[in-house]
Amino acid sequence: MRILIKNAFLVLEDRVELGDLLTDGRTIAQVGGVIDGPCDKVIDAKGCYVFPGFIDTHTHFDLEVGSTVTADNFVTGTKAAVVGGTTTVLDFATQERGMTLMEAFHKWENKAKNSSCNYGFHMAMSEWNDARIAEIPLMIENGVTSFKMYMVYDNMRLSDGVMYEAIKYLAKEDCIIGIHCENDDILKARVKELKAAGKTGSRYHAVSRPNIVEADGVGRLMDAAYLAGGPAWVVHLSTKEGLAIARRARERGQEVYLESCPQYLVLEESMYDAPDGAKFIMSPPLRSKDDQEALLKAMAAGEIDWIGTDHCSFTMAQKAVGKDDFSKTPNGGAGVQNRAEIVYTRAVKGGYLDIVEMGQLLSTRAAKLFGLYPRKGALQAGSDADIVIFDPDAPHAIHAATNLHNCDNSPYEGYEAAGKARDVLLNGQLVVENGQLVAPGKGEYVHRDRCGRYRK
Ligand SMILES: [Zn+2]
């Protein structure tokens, strides 16, 4: 199948160029200029931007959390993803204690069958010992070259010493480890204190883990990585204080990768006071307008590497478990469909980013670091034909009811987006046409190379 996209604003790595793009089978055959070659289908992209397929670096589909499981599995979550322009998700496969890394990998391979976008896995580790370390070459062989550890959650939490060892070991393999940065001891003490005072509503979730709780975690990660001589990757950065610490680490020569999320750019702490405030219970929590502004300015300055959603959805019934105790509410929200339209509306229309930077933030830099470039993250001859045709002039409001996710709520309910993904090509096939998913279930496993450490 040869698809010819005509009259597009092609979003290249350093400029936008008006021209055509031709695919041939699974790859891009030709980019730029006027192309009239023989083809099977022509798509007129007049007035639209054509991007390399977007990559969501942070999803949790089909994840068991306590006694419940996320509302979205891979089938529903990836439908929402691809309609929003995301052609690859990197989900967190999770090694529970007592499980091998290979068992976790196979478990996630099974979960991800019938996905509607391409998918790869980071491996979240809950143990670091000789047996698990011995499996890391196997992970790399299977295309898993990024890992994650948590400073929080009793079933996952590991020590700073382990984090130091892991960063050091994985750096030698050109693999990277992302860290959920928060001070667990202090936030637990504050939860206890708030509950004892009868402060159990949703807003106290944010009170229990203020900015400094994240900043402390970021600081410990930066110091561990400094001493280990390896890269630091902060997942879901949400605070100006955490940002300042990461900035200082870069100033002393460290290799630091920063991920933030749409929720920290457009939602704020006061939303916990809404009747459905529980839907905003996620960690890190929503912050202030000052934090949003600091993150947006950092994006504008190229300091934020990519935006992931941290999609981890729960229905209002699941959230209601915590109605008398915020600390029992399952953490997370739905967002996988809305990342590009929110970044476009808030950051591009808001004057912080240009279109080229949007492509870098949503696709190219993630492809580079996570071992996918130039197969993905680039509009180049020979790259995979994962392509988004994005309509910058398509005002609409986000509603849970019209999102394809399997969740009865959206943290972005009512958000007025200015543009949206119109058509999406996945592995050379047109899977989304005029905003409708026309070919579900076409996603494939993405075997990743070692990390392309572009800040080394
Ligand atoms: Zn997460």
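Note that the structure is predicted; figures quoted are calculated from it, not measured.

Draft legend 1. Seen up close, the overall build of the protein. Across its full length, the protein carries 14 helices and 21 strands. Computed over its C-alpha atoms, the radius of gyration of the protein comes to 21 Å, within 12% of the 23 Å expected for a compact globule of 456 residues. Taken along its principal axes, the extent of the C-alpha atoms in the protein is 70 × 50 × 40 Å. Expressed as a percentage of the 456 residues in the protein, the buried residues total 55%. Partitioning the contacts of the protein with sequence separation of at least 6, the portion at a separation of at least 24 is 75%.

Draft legend 2. Region of interest: helix α9 (residues 240–251). With 12 residues, α9 extends 16 Å from end C-alpha to end C-alpha; this agrees with the ideal 16 Å at 1.5 Å per step. Restricting attention to buried positions, one finds in α9 the residues E241, G242, L243, I245, A246 and A249. On its buried face, α9 sits against α8 (211–228), β13 (232–234), β14 (256–260) and α11 (289–300). Phi for G253, located one or two positions after α9, is positive at around 95°.

Draft legend 3. Expanded view of the nonpolar core. Counting residues in hydrophobic clusters, the biggest one holds 130 residues, and the most contacted among them are V50, M123, I179, L221 and V234. A total of 7 residues in this core trace back to one element, the largest contributor, which is strand β1 (residues 3–11). Aside from chain neighbours lying at most four places away, what touches V234 is I179, C181, V218, L221, G242, A246, L258 and E259. Membership of the second largest hydrophobic core comes to 10 residues, among which are Y204, L267, L286 and F326.

Draft legend 4. Structural context of the pairing of strand β20 (residues 429–433). With 3 bridges connecting them, strand β19 (residues 420–426) and β20 associate as antiparallel partners. Bridged to L425 within β20 is L430. From the end of β19 to the start of β20, which pair antiparallel, there are 2 residues, and N427 there has a positive phi angle of about 50°. Relative to strand β21 (residues 436–437), β20 runs antiparallel, the two being bridged by 2 bridges. Paired with E433 across the bridge in β21 is Q436.

Draft legend 5. Layout of the domain arrangement of the protein. Split into domains, the protein comes out as domain 1 (3–51 + 378–437) and domain 2 (54–369). Relative to domain 2, the C-alpha centre of domain 1 lies at a distance of 26 Å. Domain 1 puts 35 residues into the contact, and the matching count from domain 2 is 42 residues. Breaking the side of domain 1 that touches domain 2 down by element, the ones donating at least two residues are β5 (49–52), β16 (387–391), β19 and β20.

Draft legend 6. Structural view of the packing of helix α13 (residues 339–348) against helix α14 (residues 355–369). The geometry of α13 relative to α14 is characterised by a closest axis approach of 11 Å and an angle of 140° between their N-to-C directions. As judged from the angle between their axes, α13 and α14 are oblique. Two packed elements cross with a definite hand, and for α13 against α14 that hand is right-handed. Between α13 and α14, the residues in contact are A340, V343, Y344, A347 and V348 and I355, M358, L361 and L362, respectively. Among the residues forming the contact of α13 with α14, the class breakdown is 9 nonpolar, no polar and no charged.

Calculation rules
- Residues numbered from 1 in each chain as written.
- Predicted model: local features only at pLDDT ≥ 70, side-chain atom pairs only at ≥ 80, totals over all residues.
- Helix = DSSP H or I, 4+ residues; strand = E, 2+ residues; numbered from the N terminus.
- Rg over C-alpha atoms; globule rule 2.2 N^0.38 Å.
- Buried ≥ 20, exposed ≤ 12 C-beta atoms within 10 Å, placed from the backbone.
- Contact = placed C-beta atoms within 7 Å.
- Expected span 1.5 Å × (residues − 1).
- Core = buried A, V, L, I, M, F, W, Y, C linked by C-beta atoms within 7 Å.
- Pairing = 2+ DSSP bridges.
- Domains from an automatic or database assignment.
- Axes fitted to C-alpha atoms, helices over the stretch in contact; angles between N-to-C directions.
- Parallel < 35°, antiparallel > 145°, perpendicular 65-115°, else oblique.
- Left-handed = near helix turned anticlockwise from the far one by under 90°.
- Nonpolar A, V, L, I, M, F, W, Y, C, P; charged D, E, K, R; others polar.

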